[in-house]
Amino acid sequence: MEDKIKKISNNLKSKFYFNHDTSRNVWFKAGGRALVYCLVYDENELQIILNKIDDIPYEIIGAGSNILIRDSGFKGILFKLGKNFNNINLNENFLQVGAGILDINLAKYAQINSIKDFEFLSGIPGTVGGAVKMNAGCYGKEIKDIIREIKTINSNGEFNILNKNQINLSYRNSSVPLGDIIISANFFYSYGKKEEIDNKLKEIKTKRENSQPLRLKTSGSTFKNPKNHFAAELIENAGCKGLNVGDVYVSHKHANFLINTNKAKAIQIEELGNRIIDKVYDKFKVKLEWEIKIIGN
């Protein structure tokens, strides 16, 4: 498998790193090694790679937020979209955004151009591709409120344009086909008052700083909010605040965040999450679902 990928990599500008330590790329700073970590140069090279890898498994890693890679690693390719997926183009009817753009950078671009309703993206860790895939949202807004269409590439190297109705965005979910990689997204936009946009961004920043454990080895929200409930509230009321497994514990500041305080293993993070699921279910008969994507066997 490795020889095959090395042969594919010849004459490509994409970078291939073998037996790669994935803990360097995920926010938890934990996890095993990937057979290959690939920094993709552009969409044409991504098409070439997908056309040649046959049945070699792959995943897209984005910014490394909301991802836990098990200690056994990943026996395939982890794709990271490079700089050529970081373009933003302001067209007359829509905003065209590369899937590799960080959500916060899209929010800043909108702010600079007095575009409203993108402020919520400043509160979401990760990239635009990941945000669309899971219909990310916070503070009363979601991707589905502004999305127009997306461009994807599938495992056969075929490009597709899918409009909003075709991807069925719902709470932290979409129907983007398994194995499809989002390359770019087009958003509806409208202009607003610069002062109101600035104030909204400041408000979101203040709320996050006051309520979330920022600048720590965490991965954002751990669990989805069940219908008619807040995950953090359920976790706290189930007595899980401060609960730990080894070097990972439930944040005292926000119960839906897990913190790696030192050198926790991925298995410890997953075990703590499963303990939380059990404790919440035992007390409230509500089953929490992981918001974090877990990769590997």
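Details of the structure are given in the entry above.
Residues numbered from 1 in each chain as written. Predicted model: local features only at pLDDT ≥ 70, side-chain atom pairs only at ≥ 80, totals over all residues. Heavy atoms only, no water.

A. Inspection of the packing of aromatic side chains at higher detail. Tallying each qualifying case throughout the model produces five aromatic pairs. Where Tyr17 meets Tyr37, the ring centres are 6.2 Å apart and the plane angle is 45 degrees; that geometry is what we call tilted. Residue Tyr17 is found in strand E1 (residues 15-21), and its partner Tyr37 is found in strand E2 (residues 33-40); the two are separated by 20 residues along the sequence. By relative accessible area, Tyr17 is classed as partly exposed at 38%. Look at Tyr37 and you get buried, because its relative accessible area is 9%. A ring pair is formed by Phe118 and Phe187, whose centres lie 5.8 Å apart and whose planes are at 75 degrees; its orientation type is edge-to-face. Here the residue Phe118 occupies a position in the loop between helix H3 (103-112) and helix H4 (128-133), and Phe187 occupies one in strand E12 (residues 181-187), the gap between them amounting to 69 residues. (Phe/Tyr/Trp six-rings, centres within 6.5 Å; stacked < 30°, edge-to-face > 60°. Helix = DSSP H or I, 4+ residues; strand = E, 2+ residues; numbered from the N terminus. Buried < 20%, exposed > 50% of the residue type's maximum accessible area, 1.4 Å probe, protein only.)

B. The arrangement of the sheet that holds strand E7 (residues 95-98) in detail. Reading across from one edge, E6-E7-E12-E10-E11 is the order of the five strands in this open sheet, with antiparallel pairing throughout. At either margin of the open sheet sits one strand with a lone partner, and together these are strand E6 (88-90) and strand E11 (159-163). Between one strand axis and the next, the sheet turns by 15 degrees as a mean value, whatever way the strands run. Looking at chain direction, strand E10 (residues 147-153) and E12 are connected through six bridges and run antiparallel. Note on E12: the bridge partner recorded for Thr152 is Ile182. Its contacts with the sheet put helix H2 (residues 43-52) on E10, E11 and E12, and the angle it makes with E10 is roughly 50 degrees. (Pairing = 2+ DSSP bridges. Axes fitted to C-alpha atoms, helices over the stretch in contact; angles between N-to-C directions. Contact = heavy atoms within 4.5 Å.)

C. Spatial organisation of the pairing of E12. Burial within E12 is extensive, with seven of its seven residues counted as buried. Two elements, E7 and E12, share four bridges in a ladder whose sense is antiparallel. The residue bridging Gln96 from the neighbouring strand is Asn186, located in E12.

D. Structural view of the side chain of Arg208. You can see Arg208 is positioned in helix H5 (residues 194-211). Glu209 is the oppositely charged side chain nearest to the buried, salt-bridge-free Arg208, at an N-O distance of 7.8 Å. Beyond its immediate sequence surroundings of up to four residues, Arg208 is in contact with Ser122, Gly123, Tyr139 and Leu214. (Lys, Arg positive; Asp, Glu negative; His and termini not counted. Salt bridge = Lys/Arg side-chain N within 4 Å of Asp/Glu carboxyl O.)

E. Inspection of the sheet that holds E1 at higher detail. In spatial order, the strands read E1-E2-E5-E3; together these four strands make up an open sheet with mixed pairing. The open sheet has two edge strands, E1 and strand E3 (58-60), and neither has a second partner. The average undirected angle you get between the axes of adjacent strands in this sheet is 25 degrees. Of the strand pairs in this sheet, E3 and strand E5 (residues 74-81) are connected by three bridges, and their pairing is parallel. Looking across to E5, one finds that Ile60 is bridged to Phe79. Across the sheet, helix H1 (residues 2-9) lies against E1, E2 and E5, angled at about 155 degrees from E1, the strand it touches most. Across the sheet, H2 lies against E1, E2, E3 and E5, angled at about 165 degrees from E5, the strand it touches most.

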